[in-house]
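Given next are the chains, with one letter for each unit.
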Amino acid sequence: MCVDDPRALPGEPLSLDLANTQFAPDGTLVDLLATAESARSWAAAAGLTGTLDEASIAALRQTRSAVRDALEG
């Protein structure tokens, strides 16, 4: 993860990038969508435009869960 880019693995397809917004590099959970500020930072780095309100951030979290379920299933 780069200081200027909050994404865990920049350059991945958006669906994998979203799935990777939650990871544990040293056993401590990191969630790039945990706060509105961090979610907006991740979205900007991922190239998503527009304003993210709380409902949009909640939708991102739900989508992440669905993508992770699909990858794990």
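Above this text you will find the structure in question.
Residues numbered from 1 in each chain as written. Predicted model: local features only at pLDDT ≥ 70, side-chain atom pairs only at ≥ 80, totals over all residues. Heavy atoms only, no water.

## With respect to the overall build of the protein chain
Each helix and strand counted, the protein chain has 3 helices and 2 strands in total. By the burial criterion, 26% of the 73 residues in the protein chain qualify as buried. For the protein chain, the share of sequence-separated contacts (at least 6 apart) that also reach a separation of at least 24 residues comes to 49%. Just so you have it, the protein chain exposes about 4600 Å², and 54% of that area is on carbon and sulfur atoms. (Helix = DSSP H or I, 4+ residues; strand = E, 2+ residues; numbered from the N terminus. Buried < 20%, exposed > 50% of the residue type's maximum accessible area, 1.4 Å probe, protein only. Contact = heavy atoms within 4.5 Å. Areas by Shrake-Rupley, 256 points an atom, 1.4 Å probe, with all protein chains shown as cover.)

## Thoughts on the pattern of salt bridges
Scanning the model with the defined rule gives 1 salt bridge in all. A salt bridge links Arg64 to Asp31, with the shortest nitrogen-to-oxygen separation between them at 2.7 Å. Residue Arg64 is found in helix α3 (residues 54-72), and its partner Asp31 is found in strand β2 (residues 30-31); the two are separated by 33 residues along the sequence. For Asp31, a relative accessible area of 24% corresponds to the partly exposed category. (Salt bridge = Lys/Arg side-chain N within 4 Å of Asp/Glu carboxyl O.)

## Quick notes on the environment of Asp53
Relative to the assigned elements, Asp53 resides in the loop between α2 (36-45) and α3. With a relative accessible area of 40%, Asp53 lands in the partly exposed category. Sequence separation between Asp53 and Ala36 is 17 residues, and the spatial gap between their C-alpha atoms is 8.0 Å.

## What to know about the nonpolar core
Counting residues in hydrophobic clusters, the biggest one holds 10 residues: Leu18, Phe23, Leu32, Leu33, Ala39, Trp42, Ala43, Leu52, Ile57 and Leu60. At the level of elements, α2 and α3 are the ones that each hand at least two residues to this core. With 3 residues, the single largest contributor to this core is α2. With residues near it in sequence (within four places) discarded, Leu33 still touches Leu18, Thr21, Ser38, Ala39, Trp42, Ile57, Leu60, Arg61 and Arg64. (Core = buried A, V, L, I, M, F, W, Y, C linked by side-chain atoms within 4.5 Å.)

## A closer look at α3
The end-to-end C-alpha distance of α3, which contains 19 residues, comes to 27 Å, matching closely the 27 Å that a straight helix rising 1.5 Å per residue would cover. Listing the buried residues of α3 in full gives Ile57, Leu60, Arg64 and Val67. Buried residues of α3, viewed axially, fall in a sector of 80°; they line one side. Of the exposed residues in α3, the ones pointing more than 90 degrees away from its buried face are Ala55, Gln62, Asp69 and Ala70. Structurally, α3 contributes buried residues whose contacts are with α1 (14-19), β1 (22-23), β2 and α2. (Expected span 1.5 Å × (residues − 1). Arc of directions from axis to C-beta.)

These figures come from the coordinates and say nothing about function on their own.
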